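# Structural overview
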Amino acid sequence: MAQQKLEDRVVPDGGVMLVQPSGGGACGQGKAVAVEQTVVQLALPIATAEDPVGSACKAVRDRSRAGRAGAPKAIVTDETSILARMEEVADRVDLAMKKVVANKGAPGPDGMTVGTLREQWPSIAPRLRAALLEGTYRLGGIRRVMIPKAGGGQRGLGIPNVIDRVVMEAVRQVLEPLFEPTFHPSSHGFRPGRSCHTAITEAKQHVRDGHEWVVDVDLEKFFDRVNHQRLTARLAQRVDEALRG
C-alpha cells in the first residue's frame, strides 16, 4: 500500500495522540494513525534502523509496568538507562507546555489551540506522561502551510499539533545539553544565546582582525534532502554513547 504523505495524515477524535495498546500488534499500535517517526526514534535509542518499533521498545514498556507494580529495581542496564532518559522527557512536559503556550503559534491539523491546551492541560498531562513511559505515544499529523519568501517564491512550513510541540520541546530540553557542546563555535543558527546579532558581531571581529572576506554558508533545503533514516540513526547513536557514559 502506498504511504500517505505526512502532511495529509490526521489523528481521529480531536487529535488525541495518547495511543492505548491494542495487544498483539506492534509496540504502540492503537487508535491513532501511526507515522514513520515516533518520539522514541527521534529522541532515544529505543528504536534503531534495524528494529524501529520492536524488542527494545517492548522492553522499556515492560520495565515501566514492572516498576509501577512494585517490582524491585534491577541493576542499571541499557533498558533502565533508556527509560531514565524518557522519564526526563516526561518530567519536563509541564515546563515544555508553558514554553509552547508562550510561543503561541497556529494550531496543527487537529485544530487544538495553545489556549485550549493550557485549559485542558490538567487532564492531558497525566495521560501524556503515561503514553511516553509506556512507549505508546505517536506523533500526529502535520499541517502544511506555504508562506512567501522575501526573495520570491514560497517556503513550506509544517505545523504539528500543539501536544506534539510540547513533546518536541521536552525532548529538546533533554537532548540539547548532549549536542550543544559539540557544535562549531561559528554556528549561530537556532542555538541558545546565539542569533543573527552574534553572527554579525563575530563577522565584525574578523574584519577588525584584518580579514577582508566574510563568508555566509547556508545549505539550501537541507532538511528536504537529508537522509532522515541515517540522520535519526546517528542521533540515536550519540544518545546511546551518552547513556553509556
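Residues numbered from 1 in each chain as written. Predicted model: local features only at pLDDT ≥ 70, side-chain atom pairs only at ≥ 80, totals over all residues. Heavy atoms only, no water.

### Brief notes about the packing of helix 6 (residues 114-134) against helix 7 (residues 162-179)
Put simply, the rule is: For helices, the axis comes from a line fit to the C-alpha atoms of the stretch in contact; other axes are also lines fit to C-alpha atoms, and the angle between any two N-to-C directions lies between 0 and 180 degrees. Helix numbering and strand numbering both begin at the N terminus, where a helix is a DSSP run of H or I of at least 4 residues and a strand a DSSP run of E of at least 2. The cut-offs work like this: below 35 degrees is roughly parallel, past 145 is roughly antiparallel, 65 to 115 is roughly perpendicular, and the gaps in between are oblique. Handedness of a helix crossing follows the sense of rotation of the near helix relative to the far helix, less than a right angle counterclockwise being left-handed and clockwise being right-handed. The contact criterion used throughout is that any non-hydrogen atoms of two residues lie within 4.5 Å. The classification used treats Ala, Val, Leu, Ile, Met, Phe, Trp, Tyr, Cys and Pro as nonpolar, Asp, Glu, Lys and Arg as charged, and all other residues, Gly among them, as polar.
Between helix 6 and helix 7, the least distance of the axes is 10 Å, while the angle of their chain directions is 60°. Judged by the inter-axis angle, helix 6 sits oblique to helix 7. By crossing handedness, the relation of helix 6 to helix 7 is classed as right-handed. On helix 7, the residues touching Val-114, Leu-117, Trp-121, Ile-124, Leu-128 and Leu-132 of helix 6 are Val-162, Ile-163, Arg-165, Val-166 and Val-167. Classifying every residue of the contact of helix 6 with helix 7 by side-chain character gives 10 nonpolar, no polar and one charged.

### Digging into the pairing of strand 1 (residues 142-148)
What counts here: At least two bridges found by DSSP between two strands are what make those strands a pair.
In terms of strand pairing, strand 1 meets strand 2 (residues 154-160) through seven bridges, oriented antiparallel. The residue of strand 2 that forms the bridge with Met-146 is Gly-156. In textbook terms, the turn of a hairpin is the stretch between consecutive antiparallel strands, and for strand 1 and strand 2 this stretch comprises five residues, one of which, Gly-152, has a positive phi near 105°.

### Quick look at the pattern of salt bridges
The condition is simple: Any Lys or Arg side-chain nitrogen located within 4 Å of an Asp or Glu carboxyl oxygen qualifies as a salt bridge. The rule is simple: take the accessible area with a 1.4 Å probe, protein chains only, and divide by the maximum for that residue type; under 20% is buried, over 50% is exposed, in between is partly exposed.
According to the stated counting rule, one finds five salt bridges in the structure shown. For Arg-85, the salt bridge identified is with Glu-88, shortest N-O distance 3.3 Å. Here the residue Arg-85 and the residue Glu-88 both occupy positions in helix 4 (residues 78-91), the gap between them amounting to three residues, near one helical turn. With a relative accessible area of 11%, Arg-85 lands in the buried category.

### Digging into the packing of helix 5 (residues 93-103) against helix 7
Closest axis-to-axis distance for the helix 5/helix 7 pair is 8 Å, and the angle between their directions is 120°. Taken as axis vectors, helix 5 and helix 7 run oblique relative to one another. Where helix 5 crosses over helix 7, the handedness of that crossing is right-handed. Touching Val-93, Leu-95, Ala-96, Met-97, Lys-99 and Val-100 of helix 5 are Val-162, Arg-165, Val-166, Glu-169, Ala-170 and Gln-173, all from helix 7. Class assignment of the residues belonging to the contact of helix 5 with helix 7 gives a composition of eight nonpolar, one polar and three charged.

### Things to note about the side chain of Asn-161
Filter applied, for reference: Contacts described as polar in this section are N or O atom pairs within 3.5 Å, which, within protein, must combine one atom able to donate a hydrogen with one able to accept it, while residues neighboring in sequence count only if both atoms come from side chains.
Inspection of the secondary structure puts Asn-161 in the loop between strand 2 and helix 7. Polar contacts involving the side chain of Asn-161 include one to the main-chain amide nitrogen of Asp-110, which spans 2.9 Å.

As far as function goes, none of this settles anything; it's purely spatial.
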